[in-house]
Amino acid sequence: AMIHWGIIGPGHIARVFCNGLRFTDKGQATAVASRDPHKARQFAADFSIATVHDSYQDLLADPSVDAVYIATIHPAHLQWVELAASAGKHILVEKPIGINAGEVAAIIEAAQSNDVFLMEAFMYRCHPQMQRLAALIQQGAIGAVRLVRASFGYHANFDPNSRAYNHDLAGGGILDVGGYTASAARFVAGAAAGTTFLDPQEIKACGVIGASGVDYYTAATLSFDNGVIGQLSTGVACNIPSEIVVFGSEGIVTVPQPWLPSTPCRTARDPLPPETEFPPSTLLLQQGGSTSEITVEVDRDLFSYEADMVADHISARQAPAMSWADSLGNMQLMDRWRAEIGLSYPQDSSH
C-alpha cells in the first residue's frame, strides 16, 4: 500500500527525504507544514506536494496523512512525536530521536500506547552495505572482531544561535552526529555477537566544551562484553573524516562511505530528475597482505531505502534497521558520553 507522508519541518534534511521518496513506489509526500508559511509553500511547489497546512497541528489532523516525517529542531521531537502518535500517525523522526534516555522512553511509550509505527531516521542503517558488513563479520572474514573505529565530525563556523552551537537547541557534536558513531560501534559489536546490536559495559571519554556550552569535539572509548572495543570521535568544530573501520584477528574491513552511501540527494536542494543514477558502495577487505574491494550494488537512493524500510515494516510498528531498543540503548550511551565530559542540557533535569 502507498504511504501518504506529511512533512513536519521542511528544512534541508526534509528536502533530502522528499528526494528519496521520488525513487520509491511505496510512499509519496502529500502534505507539508512549517512555522513559516512561505517556506512551506515553496517546499510544496518544489516537490509537487498537494496540501500545505498552516500549522503542525493542522497537518496531524489531516485524515489523508498516514505517516509523518518529523524534522524539527532536536528539543521539539518529544512534543511532536507524542502529538503525532496521539493523532494515530506513523512516525519517522530525525535523529537524535530525543535529548536523553528519559525522553526516548516517553517517545517509545507514546508509539506503543497509540499502536503506531516509530523509527529514528538513521538512514545509513537502511542501506544494504550495513547488511554486507554484518555478514562479513559473521562469516569470519576478518577473524575475531577486536576493535571498531567510527567517526563523524564537521567544522561549522561559530554562531552561538545556530543549531550546531546553541545550548538551548541541544547543540554540539554528540547529539548531532556522535549518534552515528555510537550506533555503528554497537552494530559491529552486535554483529560479532550474532545479534543486531550490543550496548557497551563501560565508556570513558574526553571532550572540549566551548564557550557556548556544548561539546565542540570529543572522543570516547567503549568496551563490550564480547571483547570488542569501540573508539568514537565526533564534533561540530572539527573536520573528522567519516569512517567505520573494523579490526579483527585476521583482517580489517573498512566502510569508506558509512553514513551517506549511494546518494546524490544529500547535496541536492532541488528535486532530482527521475533518471538519476545511484552509485554502488564499496567495502575494503584487507586479509594478509592484500586488499580486495567488495561492491554493494544498489537500485535506489539511500533515503529511498529509508522510506521503504518504514513501508515494509509498518505493520510490525518498528523496523530492524533501528528498533526501539536500539534507539534507547544508543541514547543511553550518549547520556553516559555526555556525563563523562560534563555536558548537560535543560531537558536533563525534567527526566
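Now for a quick tour of the structure. The structure displayed is predicted, hence computed values, not measured ones.

Definitions and limits used
Residues numbered from 1 in each chain as written. Predicted model: local features only at pLDDT ≥ 70, side-chain atom pairs only at ≥ 80, totals over all residues. Heavy atoms only, no water. Pairing = 2+ DSSP bridges. Helix = DSSP H or I, 4+ residues; strand = E, 2+ residues; numbered from the N terminus. Axes fitted to C-alpha atoms, helices over the stretch in contact; angles between N-to-C directions. Parallel < 35°, antiparallel > 145°, perpendicular 65-115°, else oblique. Contact = heavy atoms within 4.5 Å. Polar contact = N/O pair within 3.5 Å; in protein donor to acceptor, adjacent residues only side chain to side chain.

1. Here's the deal with the sheet that holds strand S8 (residues 202–209)
Thinking step 1. A sheet is described by the order of its strands in space; here 8 strands give the open sequence S8-S9-S10-S7-S11-S12-S13-S14, paired in mixed fashion. The sheet terminates laterally at S8 and strand S14 (290–296), the two strands that pair on one side only. Looking at each pair of strands side by side, their axes are set apart by 15° on average, direction ignored.
Thinking step 2. Of the strand pairs in this sheet, strand S7 (residues 145–155) and strand S10 (residues 229–235) are connected by 7 bridges, and their pairing is parallel. Looking at the pairing, Val148 lines up with Gly230 of S10.

2. With respect to the packing of helix H1 (residues 12–21) against helix H8 (residues 302–313)
Thinking step 1. Two elements in contact, H1 and H8, have axes separated by 7 Å at closest approach and are oriented at 80°. Here H1 lies roughly perpendicular to H8, going by the angle between them. Here Ile13, Val16, Phe17, Gly20 and Leu21 of H1 come into contact with H8, specifically with Phe303, Ser304, Glu306 and Ala307.

3. Structural notes on the side chain of Lys89
Thinking step 1. Structurally, Lys89 can be placed in the loop between helix H4 (77–86) and strand S5 (90–93).
Thinking step 2. One polar contact links the side chain of Lys89 to the main-chain carbonyl oxygen of Val65, over a distance of 2.8 Å.
Thinking step 3. For Lys89, the contacting residues outside a window of four places in its chain are Leu59, Leu60, Asp62, Pro63, Val65, Asp66, Val68, Ala84 and Val116.

Any functional reading would require information beyond the geometric quantities listed.
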